[in-house]
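Residues per chain, in single letters:
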Amino acid sequence: MENLTISQVSKIYDVTPRMLRHYEKLGLIQPMHKEDYAYRLYDENAVRRLQQIIILRKLCIPLKQIGIILQDETFTKTLQIMRDKLAELDEEIAILDRVRHILRMFVERLDDNIRGNVRINLLEDRVLIEVANMLTLSKSNLKGAYSMNELDKVNEKLAWGENVRIVLLPPCTVASYHYIGENPEEKVGEAMSDFIQKSKLYEIKPDARLFGFNHPNPGMREDGKYGYEDWVTIPEDMEIPPEFTKKHFEGGLFAALTITFPEFHHWGDLVCWAQEGNERFEPNYSELGDEIMGGCLEEHLNWVYAAHMGWPENGIDGQIDLLLPIKQKR
């Protein structure tokens, strides 16, 4: 192979002379300098190294690591560099996949509003603003632009709206237990569990369901105490202990969002969905307001069965349906 000038190498391998001089400065290639000849000449060895550099650059290997690879006779360092780069690419692919998912959800959200002839203002939409604020932009590479933790939070913020269900609770008779004081949820839960076990309610009514709600909400009383009330559905003619109260629940339409104990912060997400995140429904809060949590309920899924079996701690898997009363928009 004849020696090539810098212009010839640049043309053949589509590398600018400036980049070739940069490679030379970093010690990656070593052209020849003949006496009485003003131009650099690249012999077969220099051209071969340049071909290696081009291939490695196309694989997104940084120049500093390329220098290590070119000097690595045992290929052990080369193998580790390749493995590290593969792990980095896997992470970037995962990030891109999350970004694509988020963009798709934005598209679906905007498309739904357009189809419903609802004008959406991106600067006033609370959900979009919160999602945008979660992402930190950077002028650096993709990995620095978004962290997996940031994107997971965004995914979670966008995904809860997709998980909201519309349920119709039928009218029913309930046994109620109410307590105001320290740790009201625990006090009420213990009393309700004892009642379920002693009455063998699950055998009498296998489809029994347990609901709870603040009564009143924290912050309403001057003494700082708040209360909690549990309802368990029972046969209408069932006798109950004197400390319990038999009530009739009229039922109604609710927006439901399933959480795992103790992720009660998702109440804010459900309220946001009911107030701004959908086209068909709006909140239908009770006139008693904070006295009974606006008519919202927390259904402890499978709790009656768990109490019957003697292991009532958070029910089965601690799953809870947050239930917010709604009505159709006029």
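All figures in this text were calculated on a predicted structure; none of them were measured in a lab.

Remarks on the overall build of the protein chain
Logical step 1: From N to C terminus, the protein chain includes 12 helices and 11 strands.
Logical step 2: In the protein chain, buried positions account for 39% of the 330 residues.
Logical step 3: A fraction of 69% describes how many contacts in the protein chain between residues 6 or more apart in sequence connect residues 24 or more apart.
Logical step 4: When the accessible surface of the protein chain is totalled, it reaches about 20,400 Å², and 50% of it is carbon and sulfur.

Some details on the nonpolar core
Logical step 1: Residues F249, L270, L297 and L323 are the most contacted members of the largest nonpolar core, which totals 28 residues.
Logical step 2: When contributions to this core are tallied by element, the ones reaching two or more residues are β3 (165-169), β4 (172-181), β5 (210-214), β8 (252-260), α11 (267-276) and β11 (319-328).
Logical step 3: Core analysis: the second largest hydrophobic core is formed by 21 residues, I6, L28, A46 and V47 among them.

Quick word on a nonpolar patch on the surface
Logical step 1: On the surface, I55, L59 and M82 cluster together to form a nonpolar patch covering roughly 270 Å² of accessible area.
Logical step 2: Along the chain, M82 falls in helix α5 (residues 76-115).

A few points about the packing of aromatic side chains
Logical step 1: Tallied over the entire structure, the rule returns 8 aromatic pairs.
Logical step 2: Ring plane angle 35° and centroid distance 4.9 Å describe the contact between F195 and F244, whose orientation is recorded as tilted. Of this pair, F195 sits in helix α9 (residues 184-199) while F244 sits in the loop between β6 (226-233) and β7 (245-249); the two residues are 49 residues apart in sequence, bridging distant segments of the chain.
Logical step 3: Relative to F249, the ring of F211 lies with its centre 6.5 Å away and its plane at 50°, an arrangement referred to as tilted.

Here we look at the pattern of salt bridges
Logical step 1: Applying the stated criterion across every chain yields a total of 8 salt bridges.
Logical step 2: Note that D321 and R165 form a salt bridge whose closest N and O atoms lie 2.7 Å from each other. With D321 in strand β11 and R165 in strand β3, this pair connects stretches of sequence that are 156 residues apart.
Logical step 3: Using a relative accessible area of 5% as the deciding quantity, one classes D321 as buried.
Logical step 4: A residue is classified by how much of its surface remains accessible, and R165, at 34% relative accessible area, is partly exposed.
Logical step 5: Measuring nitrogen to oxygen at the nearest pair gives 3.2 Å for the salt bridge that ties K205 to D207.

Section: the environment of P241
Logical step 1: Mapped onto the fold, P241 is located in the loop between β6 and β7.
Logical step 2: Its relative accessible area of 23% is what places P241 among the partly exposed residues.
Logical step 3: Taking the C-alpha atoms as reference points, P241 and A175, separated by 66 residues in sequence, lie 9.2 Å from one another.

Some remarks on the packing of helix α3 (residues 44-58) against helix α4 (residues 63-70)
Logical step 1: Across the interface, α3 lies against α4 with an axial gap of 10 Å and an inter-helix angle of 135°. Comparing the axis directions of α3 and α4 gives the class oblique. Every pair of crossing elements has a handedness; the one defined by α3 and α4 is right-handed. Contact residues: R49, Q52, I53, L56 and R57 in α3; L63, I66, I69 and L70 in α4.
Logical step 2: Per-class residue counts for the contact of α3 with α4 are 6 nonpolar, 1 polar and 2 charged.

Re the confidence of the model for the protein chain
Logical step 1: The predicted model of the protein chain averages 83 in pLDDT, with 81% of residues at 70 or higher.
Logical step 2: With pLDDT under 50 throughout, residues 137-144 is counted as low confidence; its partners more than four residues away or in other chains account for 10 contacts.

Details of the environment of L63
Logical step 1: Checked against the element boundaries, L63 lands in helix α4.
Logical step 2: On a C-alpha basis, the gap between L63 and L28 in space is 8.6 Å, while along the polypeptide they are 35 residues apart.
Logical step 3: With near-sequence residues (within four places) excluded, L63 lies in contact with H22, Y23, L26, L28 and R57.

Quick word on the environment of L322
Logical step 1: Tracing the backbone through its elements, the reader meets L322 in strand β11.
Logical step 2: For the pair L322 and H266, spaced 56 residues apart in sequence, the C-alpha to C-alpha distance is 8.4 Å.

A few points about unusual backbone geometry
Logical step 1: Residues H215 and P216 are joined by a peptide bond in cis, for which omega reads 0°.
Logical step 2: The phi dihedral of F75 is positive, around 70°, even though this residue is not glycine.
Logical step 3: The exposure class of F75 is exposed, given its relative accessible area of 56%.
Logical step 4: Despite not being glycine, N183 shows a phi value in the positive range, around 50°.
Logical step 5: Topologically, N183 is positioned in the loop between β4 and α9.

Cut-off values and rules
- Note that residues are indexed from 1 along each chain, following the sequence as it is written.
- Owing to the predicted nature of the model, reporting of local features is limited to residues with pLDDT of at least 70; listing and counting of side-chain atom pairs is limited to 80 or more, with chain, interface and lining totals taken over all residues.
- Heavy atoms from the whole structure form the basis of all side-chain values; hydrogens and water molecules are not counted.
- Only DSSP runs of H or I with at least four residues qualify as helices, and only runs of E with at least two residues qualify as strands; both kinds are numbered from the N terminus onward.
- Working definition: with a 1.4 Å probe on protein chains only, accessible area under 20% of the residue-type maximum means buried, over 50% means exposed, and in between means partly exposed.
- Residue contacts are defined here by distance: any two heavy atoms, one from each residue, within 4.5 Å place the two residues in contact.
- In short, Shrake-Rupley with a 1.4 Å probe defines the accessible areas, and a residue's cover is counted only from the protein chains shown.
- Nonpolar cores are built from buried Ala, Val, Leu, Ile, Met, Phe, Trp, Tyr and Cys residues. Side-chain atoms within 4.5 Å join them into one set.
- Each patch is built from residues lacking any salt bridge and having more than 30% relative accessible area; the joining distance is 9 Å for like charges and 5 Å for nonpolar side chains (Val, Leu, Ile, Met, Phe, Trp, Tyr).
- Any Lys or Arg side-chain nitrogen located within 4 Å of an Asp or Glu carboxyl oxygen qualifies as a salt bridge.
- Only rings of Phe, Tyr and Trp enter the pairing, Trp through its six-membered ring, and a pair is recorded when the two centres are within 6.5 Å. The plane angle decides the type: under 30 degrees is stacked, over 60 is edge-to-face, the rest tilted.
- Axis definition: a line fitted to C-alpha atoms, over the contacting stretch in the case of helices. Angles run 0 to 180 degrees between N-to-C directions.
- Between 65 and 115 degrees an angle is taken as roughly perpendicular, under 35 as roughly parallel, over 145 as roughly antiparallel, and anywhere else as oblique.
- It is the rotation of the near helix from the far one that decides the hand of a crossing: anticlockwise by less than a right angle makes it left-handed, clockwise makes it right-handed.
- Throughout, the ten residues Ala, Val, Leu, Ile, Met, Phe, Trp, Tyr, Cys and Pro are labelled nonpolar, Asp, Glu, Lys and Arg are labelled charged, and all others, Gly among them, are labelled polar.
- The predictor attaches a confidence to each residue, called pLDDT, with possible values from 0 through 100.

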